[in-house]
Amino acid sequence: MTSAEQRKLLEGLKYKTSRMLSKDKYDYEMFVKRDKDDEDLDSLSMKRLKELFEKYAEKK
């Protein structure tokens, strides 16, 4: 996954943090920090980010 797709997922979750459970919020904040450092996520982290996106951002 490219860094652009990674940023898109993080942006989709940006305003959903108030609804997140504490563990999910901690994981999201760590992903944001890694993104600010221009670090690419490994496959396990990317899988976790996609799970968070599906759990919080895709609900309408």
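We now turn to the structure provided with this report. (Residues numbered from 1 in each chain as written. Predicted model: local features only at pLDDT ≥ 70, side-chain atom pairs only at ≥ 80, totals over all residues. Heavy atoms only, no water.)

## As for the overall build of the chain
What counts, and what does not: Secondary structure elements follow DSSP: runs of H or I no shorter than four residues count as helices, runs of E no shorter than two count as strands, and numbering proceeds from the N terminus. The globule rule used here is 2.2 Å times the number of residues to the 0.38 power, and the radius of gyration it is set against is calculated over C-alpha atoms. The cut-offs for exposure are 20% and 50% of the maximum accessible area for each residue type, with area from a 1.4 Å probe on protein chains only; residues under the lower value are buried, those over the upper are exposed, and the others partly exposed.
Summing up its helical and strand segments, the chain has three helices and zero strands in all. Relative to the compact-globule value of 10 Å for 60 residues, the chain shows a C-alpha radius of gyration of 10 Å, a close match. If you line up the chain on its principal axes, its C-alpha atoms span 25 × 20 × 20 Å. Here the chain holds 60 residues, and the buried ones make up 32% of them.

## Section: unusual backbone geometry
Phi at D38 is positive, roughly 55°, even though this residue is not glycine. Its location among the elements puts D38 in the loop between α2 (22-36) and α3 (43-57).

## Thoughts on the pattern of salt bridges
Pairing is possible between side chains that carry opposite charge, provided their charged atoms lie close to one another. Rules: Any carboxyl oxygen of Asp or Glu within 4 Å of a side-chain nitrogen of Lys or Arg constitutes a salt bridge here.
On inspection of all chains with the given rule, the structure shows eight salt bridges. The closest approach of N and O atoms between D35 and R7, which form a salt bridge, is 3.4 Å. Of this pair, D35 sits in helix α2 while R7 sits in helix α1 (residues 3-13), and the two are 28 residues apart along the sequence. In this structure, the salt-bridge partner of D24 is R48, at a minimum N-O distance of 2.4 Å. Within this pair, whereas D24 is found in helix α2, its partner R48 is found in helix α3, the two being separated by 24 residues in sequence. Three or more residues are tied together by salt bridges with common partners; here these are K23, D24, D27, R48, E51 and K55.

## Quick word on the nonpolar core
Let me state the cut-off plainly: By convention a nonpolar core is built from buried Ala, Val, Leu, Ile, Met, Phe, Trp, Tyr and Cys residues, the set being connected through side-chain atoms within 4.5 Å. The contact definition used throughout considers only heavy atoms, calling two residues in contact when any of these lie within 4.5 Å.
With 13 residues, the main nonpolar core has L13, Y28, F31, L49 and L52 as its most contacted residues. For this core, the leading source of residues is α3, giving six residues. Apart from the residues lying within four places of it in its own chain, the contact partners of L52 are L13, D24, D27, Y28, F31 and A57.

## Observations regarding the environment of D27
Along the chain, the position of D27 falls in helix α2. Along the backbone, D27 and S45 are 18 residues apart, and their C-alpha atoms lie at a distance of 9.1 Å. When residues no more than four places from it in sequence are discounted, the contact partners of D27 are R48 and L52.

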